[in-house]
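Structural overview for review
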Amino acid sequence: MIEAFWISTGVIFLAELGDKSQLMALAFASRYKPWPVLAGISIATALVHAASVLLGAGVAGRIPTDKVNVVAGVAFIGFAVWTVRGDALTDEDEARARRGGRSAFLAAGLAFFIAELGDKTMLATITLAARYEAFGTWVGSTVGMVAADAIAIVFGAHFGRRLPQRTMRFVAAGLFILFGTLLITEGLR
């Protein structure tokens, strides 16, 4: 179990560095309070990695990730449209978003859950679970990913307050379109 934990922590931490979900963590942290974002990411990661470990331990090599990538890509493009439409938020909505709470938790959690389906960290976790002990792999992969995303959250929380909200919305929408297109392209290959 210890070996599975440490190997999974290291592999997933490295796989997450510079990944699209780490950039999403940065974007969420620039808009919301960091703790609800981190909590949403942690829960989503734990759920996706639990499913990954179950798949890896049970049916490794039989997952149609191409279909998952296409669905996730379409969802990301939908998130881009939703992000741009966000220009009409009221002052009350903005204040609620800045307070964080459940809305930031749900937004980050849902976005991360969808983003991680078919992602390289999910596939890496499946592969690790096929080779190492399941519980240690699950805990280690979750810790590795949350640690890498926590770095992005700290950076986003610190620098995000200095960036104009409109610019951040368009940058986030652009990232969603980019990653959505990449996922769709990868899924159709």
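Residues numbered from 1 in each chain as written. Predicted model: local features only at pLDDT ≥ 70, side-chain atom pairs only at ≥ 80, totals over all residues. Heavy atoms only, no water.

As a further point, take the overall build of the chain. When you go through the chain residue by residue, the secondary structure sums to nine helices and zero strands. In the chain, the succession of α and β elements from N to C terminus is α-α-α-α-α-α-α-α-α. Burial statistics for the chain: of 189 residues in total, 46% are counted as buried. For the chain, the computed accessible surface area is about 9700 Å², with 71% contributed by carbon and sulfur atoms. (Helix = DSSP H or I, 4+ residues; strand = E, 2+ residues; numbered from the N terminus. Buried < 20%, exposed > 50% of the residue type's maximum accessible area, 1.4 Å probe, protein only. Areas by Shrake-Rupley, 256 points an atom, 1.4 Å probe, with all protein chains shown as cover.)

Let us look at the packing of helix α1 (residues 2-16) against helix α7 (residues 120-131). As a packed pair, α1 and α7 sit with axes 10 Å apart at the nearest point and diverge in direction by 160 degrees. In terms of axis orientation, α1 runs roughly antiparallel to α7. In terms of crossing hand, the pair formed by α1 and α7 is right-handed. For the pair α1 and α7, the contacting residues are I7, S8, V11, I12, A15 and E16 in the first and K120, T121, A124, T125 and L128 in the second. Split by residue class, the contact of α1 with α7 holds six nonpolar, three polar and two charged. (Axes fitted to C-alpha atoms, helices over the stretch in contact; angles between N-to-C directions. Parallel < 35°, antiparallel > 145°, perpendicular 65-115°, else oblique. Left-handed = near helix turned anticlockwise from the far one by under 90°. Contact = heavy atoms within 4.5 Å. Nonpolar A, V, L, I, M, F, W, Y, C, P; charged D, E, K, R; others polar.)

What follows concerns the nonpolar core. Counting residues in hydrophobic clusters, the biggest one holds 26 residues, and the most contacted among them are M24, A25, F28, V37, I41, F112 and I153. Secondary structure elements with two or more residues in this core: α1, α2 (20-31), α3 (34-59), α6 (101-116), α7, α8 (134-160) and α9 (165-188). It is α6 that contributes the most residues to this core, five residues altogether. For I153, the contacting residues outside a window of four places in its chain are A25, A29, P34, V37, L38 and I41. (Core = buried A, V, L, I, M, F, W, Y, C linked by side-chain atoms within 4.5 Å.)

Residues with a pLDDT of 70 or more make up 77% of the chain, whose mean pLDDT is 78. When the elements of the chain are averaged for pLDDT, helix α5 (residues 91-99) gives the smallest value, 49, and α3 the largest, 91. (pLDDT = per-residue confidence, 0-100.)

Over its 15 residues, α1 extends 21 Å from the first C-alpha to the last, a length consistent with the 21 Å expected when each residue adds 1.5 Å. Within the sequence span of α1, burial applies to A4, F5, S8, T9, I12, A15 and E16. With its buried residues spanning 145 degrees around the axis, α1 presents them on a single face. Facing away from the buried side of α1, by more than 90 degrees, are the exposed residues I2, E3, W6 and L14. (Expected span 1.5 Å × (residues − 1). Arc of directions from axis to C-beta.)

So, on to the packing of aromatic side chains. For the structure shown, the criterion picks out three aromatic pairs. Aromatic pair F5 and W6: ring centres 4.9 Å apart, planes at 80 degrees, arrangement edge-to-face. Looking at W6, the relative accessible area reads 58%, which means it is exposed. For the ring pair F135 and W138, a centre distance of 5.8 Å and an interplane angle of 50 degrees mean the geometry is tilted. On the criterion of helical spacing, the pair formed by F135 and W138 is a turn pair, its members being three residues apart in helix α8. According to the relative accessible area criterion, W138 is partly exposed, its value standing at 27%. (Phe/Tyr/Trp six-rings, centres within 6.5 Å; stacked < 30°, edge-to-face > 60°.)

Take the side chain of T142 next. Topologically, T142 is positioned in helix α8. One polar contact links the side chain of T142 to the main-chain carbonyl oxygen of W138, over a distance of 2.9 Å. When sequence neighbours within four positions are dropped, the list of residues in contact with T142 reads S42, T45, A46 and H49. (Polar contact = N/O pair within 3.5 Å; in protein donor to acceptor, adjacent residues only side chain to side chain.)

The next point concerns the environment of V143. Position of V143 among the secondary structure elements: in helix α8. For the pair V143 and T45, spaced 98 residues apart in sequence, the C-alpha separation works out to 9.0 Å. Aside from chain neighbours lying at most four places away, what touches V143 is F5 and T9.

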